[in-house]
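# Fold and contact review
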Amino acid sequence: MDSSNAEIAFECGFFRLYSDGKVERTGGMNTVPASFDAATGVTSKDVVIDAATGVAARLYLPSIQTATPILSESDDDSAATKFPVLVIFHGGYFVVGSPGNRNFHGYVNSLVASARVIAVSVDYRLAPEHPLPAAYDDAWAALTWAASGADPWLADHGDLGRVFVAGASAGANVAHNTAVAAGASAATRIEGVILLHPSFCGEQRFEDEAEEFWQANKRRWSVIFPGATDGSDDPRINPMAAAGESGLAKLAGKRMFVSTASEDPRAPRGRAYCEAVRASGWPGKVEWFETEGKGHCFFVSDHFSREAVAVMDRVVAFVAGHS
């Protein structure tokens, strides 16, 4: 369908999203191949998780030669040199991006080397061609696949008793909803949740939320998730809404790390999310860290800056259980 007469629902430097569900992508889709990264010693490869839906992932393995022994909770000696498993979701408004995005691929290489984890970077289906909840379904498929040790890297080198879910921006929204799904399932256990600059919305604007950003965000959600219940107060979009609060208490995991940035218009909801989880009765520990003077997901494109290193250090400590 020709979208020349359709209203522009949302526009940024990477795409133009129309009210009729069409999209024009102008960036954010550049990719680099999986490979060995000499700077970090990390090796990556691409795998297919579900051929029927097209869900895939890029797996990252740190240098085995310098593996740091990590004991699992079961104290099983066979797990002594195995790595925690980090299932991670990229950002991109749910419309652009992939594990192969040059910046995100570089960030995950650094994360894997620093935190000494095996990462499963999920290539979920994008909206609007695949409206939400497709990405949530793909995320759940990826988590259960990873937790089962389906790939030899995971089976041989992953500590499947220490699985984390993480994401940046839209990917942090996916990670939250994956933790909600895991909390409702006895089959998949998560140790911790890492939300970096999470993307949420709601029918009511927060007092410290920029009006223009809030309106544009609502329009974007309406196009990428047309089946949402109660508009942007759907609990998958707004965990702080009445319908979502009950799910917060049932989140999977024992620990959570949430990062925001003072110059990110998403920060007010990220802060509120932390408070809502704490108030929900969730028995886990919530750690929140805000970077001053920085904008949204600055650490992905500039992961060697002092501020990005500070965020990375906290993520590494969180995974190690030292936070």
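Remember, it's a predicted structure, so these values are computed and weren't measured experimentally.

## As for helix α2 (residues 134-147)
- Here α2 contains 14 residues, and its C-alpha end-to-end distance of 20 Å stays within 8% of the 20 Å for a straight helix at 1.5 Å per residue.
- Among the residues of α2, Ala134, Ala135, Tyr136, Asp138, Ala139, Ala142, Leu143, Trp145 and Ala146 are the ones counted as buried.

## Details of helix α5 (residues 211-224)
- The end-to-end C-alpha distance of α5 is 20 Å, a good match for the 20 Å that 14 residues give at a rise of 1.5 Å each.
- Within α5, the full set of buried residues consists of Phe213, Trp214, Ala216, Asn217, Arg220, Trp221, Val223 and Ile224.
- On its buried side, α5 packs onto β1 (8-11), β2 (15-18), α2, α4 (170-183) and α7 (267-279).

## A short note on the side chain of Ser121
- Within the secondary structure, Ser121 is located in strand β8 (residues 118-123).
- Accessibility expressed as a relative area gives 0% for Ser121, which makes it buried.
- Beyond its immediate chain neighbours, meaning those up to four positions away, Ser121 contacts Ala56, Ala57, Arg58, Tyr60, Ile88, Pro99 and Phe104.

## Some words on the sheet that holds strand β7 (residues 83-89)
- Reading across from one edge, β4-β5-β6-β8-β7-β9-β10-β11-β12 is the order of the nine strands in this open sheet, with mixed pairing throughout. In this open sheet, the two strands that pair with only one neighbour each are β4 (36-37) and β12 (285-291).
- Contacts from helix α1 (residues 102-115) reach β4, β5 (42-50), β6 (55-61), β7, β8 and β10 (192-196), with the element oriented near 45° to β6.
- Sheet strands in contact with α4 are β7, β9 (158-168) and β10, and its direction is about 135° off that of β9.

## Looking at unusual backbone geometry
- With an omega of 5°, the peptide bond running from Ala127 to Pro128 counts as cis.
- Assignment of secondary structure puts Pro128 in the loop between β8 and α2.
- Cis geometry is adopted by the peptide bond preceding Pro133, which originates at Leu132 and carries an omega value of 20°.
- Along the chain, Pro133 turns up in the loop between β8 and α2.
- Even without being glycine, Tyr93 reaches a positive phi, approximately 65°.
- Tracing the chain through its elements places Tyr93 in the loop between β7 and α1.
- Tyr93 sits in the buried class, given a relative accessible area of 19%.
- Although it is not a glycine, Ser169 sits at a positive phi angle of roughly 60°.
- In this fold, Ser169 is placed in the loop between β9 and α4.

## Side note on the pairing of β9
- Among the 11 residues of β9, nine are classified as buried, and the element is accordingly described as predominantly covered.
- Where β7 and β9 come together, seven bridges link them in parallel fashion. Looking at the pairing, Val85 lines up with Val163 of β9.
- In this sheet, β10 lies alongside β9 in parallel orientation, the contact comprising five bridges. Its bridge partner lying in β10, Gly167 is registered against Leu195.

## Thoughts on the pattern of salt bridges
- Here the structure, examined in full by the defined rule, presents 17 salt bridges.
- For Glu24, the salt bridge is made with Arg16, and the minimal N-O distance between the two is 2.9 Å.
- For Glu24, a relative accessible area of 36% puts it in the partly exposed group.
- Lys45 is paired through a salt bridge with Asp151; the nearest N and O atoms lie 3.0 Å apart.

Criteria and thresholds
Residues numbered from 1 in each chain as written. Predicted model: local features only at pLDDT ≥ 70, side-chain atom pairs only at ≥ 80, totals over all residues. Heavy atoms only, no water. Helix = DSSP H or I, 4+ residues; strand = E, 2+ residues; numbered from the N terminus. Expected span 1.5 Å × (residues − 1). Buried < 20%, exposed > 50% of the residue type's maximum accessible area, 1.4 Å probe, protein only. Contact = heavy atoms within 4.5 Å. Pairing = 2+ DSSP bridges. Axes fitted to C-alpha atoms, helices over the stretch in contact; angles between N-to-C directions. Salt bridge = Lys/Arg side-chain N within 4 Å of Asp/Glu carboxyl O.

By themselves, these are just geometric observations and shouldn't be taken as functional.
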